[in-house]
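Analysis of the macromolecular model
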Amino acid sequence: MTRAKRKSEHIQHALKIGQSRLAGFDDITFIHQSLPDCSIEQVQLRTKIGELTLSSPIFINAMTGGGGEATLQINRKLAIVAREANVPIAVGSQMSALKDPSEERTFKIVREENRNGLIFANLGSEASVEQAKAAVDMLEANALQIHLNTIQELTMPEGDRNFVGALRRIESIVNDLEVPVIVKEVGFGMGRETVEKLQSVGVSAVDVGGFGGTNFAKIENERRSKLLTFFNDWGIPTAISIIEAAEASREVSVIGSGGIQNSLDIIKAISLGASATGLAGQILKILVNDGYEALIEEIEEMKKELQIMMTALGAKTLLELQHVPLLISGQTHHWLTERGIDSKRYSQRT
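The text that follows walks through the structure, step by step, so that each part is easy to find. Within every chain, residues take consecutive numbers counted from 1 along the sequence as written. The model is predicted, so local features are restricted to residues of pLDDT at least 70 and side-chain atom pairs to those at 80 or more, both for listing and for counting; the totals for chains, interfaces and linings are taken over all residues. Water and hydrogen atoms were dropped before computing side-chain values, which therefore reflect all heavy atoms in the structure.

This part is about the overall build of the protein. Here a helix means four or more residues in a row that DSSP labels H or I, a strand means two or more in a row labelled E, and each is numbered from the N terminus. Helix and strand content of the protein: 16 helices and twelve strands. By principal-axis analysis of the C-alpha atoms, the protein measures approximately 60 × 40 × 40 Å. Burial statistics for the protein: of 350 residues in total, 56% are counted as buried. Should any heavy atoms of two residues lie within 4.5 Å, those residues are counted as being in contact. Sequence separation of at least 24 residues holds for 75% of the intrachain contacts in the protein that already meet a minimum separation of 6. Any residue under 20% of the maximum accessible area for its type is buried, any over 50% is exposed, and the rest in between are partly exposed; the area is computed with a 1.4 Å probe on protein chains only.

We now examine the packing of helix α2 (residues 69-85) against helix α13 (residues 292-313). At a closest axis distance of 9 Å, the pairing of α2 and α13 adopts a crossing angle of 35°. Our pair here, α2 against α13, has a crossing hand that is right-handed. Taking contact as the criterion, the partners of K77, L78, I80, V81, E84 and A85 in α2 are, on α13, Y292, L295, I296, I299, E300 and K303. When residue character is reported, Ala, Val, Leu, Ile, Met, Phe, Trp, Tyr, Cys and Pro are called nonpolar, Asp, Glu, Lys and Arg charged, and the others, Gly included, polar. Partitioned by chemical class, the residues of the contact of α2 with α13 number eight nonpolar, no polar and four charged. Axis angles are defined between N-to-C directions and span 0 to 180 degrees, where every axis is a line fitted to C-alpha atoms and, for a helix, only to the segment in contact. With the far helix as reference, a near helix turned anticlockwise by less than a right angle produces a left-handed crossing, and one turned clockwise produces a right-handed crossing.

This part is about the packing of aromatic side chains. For this analysis, a ring pair means two rings from Phe, Tyr or Trp (six-membered ring only for Trp) whose centres lie within 6.5 Å, classed as stacked if their planes differ by under 30 degrees, edge-to-face if by over 60, and tilted for the remaining angles. For the structure shown, the criterion picks out three aromatic pairs. Ring plane angle 65° and centroid distance 5.6 Å describe the contact between F59 and F120, whose orientation is recorded as edge-to-face. You can see F59 sitting in strand β4 (residues 58-60) and its partner F120 sitting in strand β6 (residues 119-124), a full 61 residues away along the chain. Taken as a pair, F59 and F120 share a single burial class, namely buried.

A few words now on the packing of helix α12 (residues 281-290) against α13. Close contact between α12 and α13 brings their axes to 7 Å; oriented N to C, the two are set at 140°. For the element pair α12 / α13, the angle class is oblique. Seen from α12, the contacting residues are I283, I286, L287 and D290; seen from α13, they are Y292, A294, L295, E298 and I299. Taken together, the residues of the contact of α12 with α13 break down into seven nonpolar, no polar and two charged. Any angle that is under 35 degrees is reported as roughly parallel, and any over 145 degrees as roughly antiparallel; angles of 65 to 115 degrees are reported as roughly perpendicular and all others as oblique.

To continue, consider the pairing of strand β11 (residues 276-279). Of the two faces of β11, the one carrying A276 and G278 and the one carrying T277 and L279 are both buried. Pairing between strands requires that DSSP locate at least two bridges from one strand to the other. In the sheet, β4 pairs with β11 via three bridges, with the strands oriented parallel. Pairing of F59 across the sheet is with G278, part of β11.

Bringing the pairing of β6 into the picture now. Residues in a regular strand project their side chains so that they alternate between the two faces of the sheet. Most of β6 is tucked away, with six of its six residues classed as buried. Bridge analysis of strand β5 (residues 89-90) against β6 gives two bridges, and the strand direction is parallel. By the bridge assignment for β6, A90 is matched with F120. Here five bridges tie β6 to strand β7 (residues 143-148), and the two strands are oriented parallel to one another. By the bridge assignment for β7, N122 is matched with Q145.

As structure tokens, then:
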């Protein structure tokens with residue numbers, strides 16, 4: 001099967017399977033503040049991922065490209081949304097375009113439609129330094145995402161089976177690239193051990209890509225004759241993964257993604273330690289079902305809702321939001337306890 005055909009199948013299966021409510025955010029409850037001492041005009045949504053400044057904590061995470069005209073049109077519309085809503089956008093893996101130059105336009109369209117926006121290039125951990133530079137140049141990108149997708153590859157019938165040397169390759173890219181490097185998971189989450197390793201080689205930010213969003217094990221199992229069903233529930237839920245990543249390092253920016261569906265999920269992700277949040281599955285669903293204009297309206301509405309909730313919590317900035325008290329219950333509490341992370345201190349914050 002060609003890469004282009006596989007890309008098309010991924011989009012179709014992602015829409016078919018949809019998203020669950022298993023990212024862990026329902027285990028997070030804010031402590032109500034009756035005297036927030038804050039007005040909505042005081043609330044600022046600006047944030048930073050490493051050296052990059054964002055106007056809000058929302059960005060369009062990696063989805064597609066390299067699948068011919070269908071993926072070109074999706075990326076074109078997403079780029080327009082990113083431009084009009086003033087949010088960053090990441091493309092899907094560009095390896096297909098590096099191996100087949102005829103697919104370059106499915107990615108370049110993002111920069112053509114969004115000349116002044118923040119755009120993230122994307123490659124897998126198998127990429128070389130030369131390929132990383134080519135991917136960044138293709139988009140005049142502001143950063144490079146390197147995705148880790150071991151479980152997806154192992155479930156994919158034609159996927160990779162050798163993951164030796166990935167950390168060393170990432171280190172080489174970090175050292176030789178002139179733009180920041182963000183390492184992201186694709187729906188299986190990151191534990192603190194992974195984040196500590198990535199910090200040791202100079203990665204600017206990690207995108208936890210937690211369990212609970214688009215499930216690439218299920219997507220690849222849709223393409224198999226003999227199913228690897230044990231991978232369908234494999235991974236670290238997003239809320240837990242954000243906490244683990246934030247506990248592992250205060251120097252690496254944490255991006256929350258994986259099953260984030262609304263403004264309440266976003267504000268919970270930030271309060272747990274994320275600097276920004278990436279949305280993909282929910283973005284794709286709105287784009288396909290309702291069109292790009294409706295998607296722009298939805299993103300703008302989410303920004304307004306973030307300001308409303310931050311006012312209620314008395315948090316004027318996202319940094320202040322990370323100090324508001326909250327309760328952690330259920331599976332998330334159990335997981336953190338077993339991992340030696342004191343969840344009680346989140347309820348004692350001031």
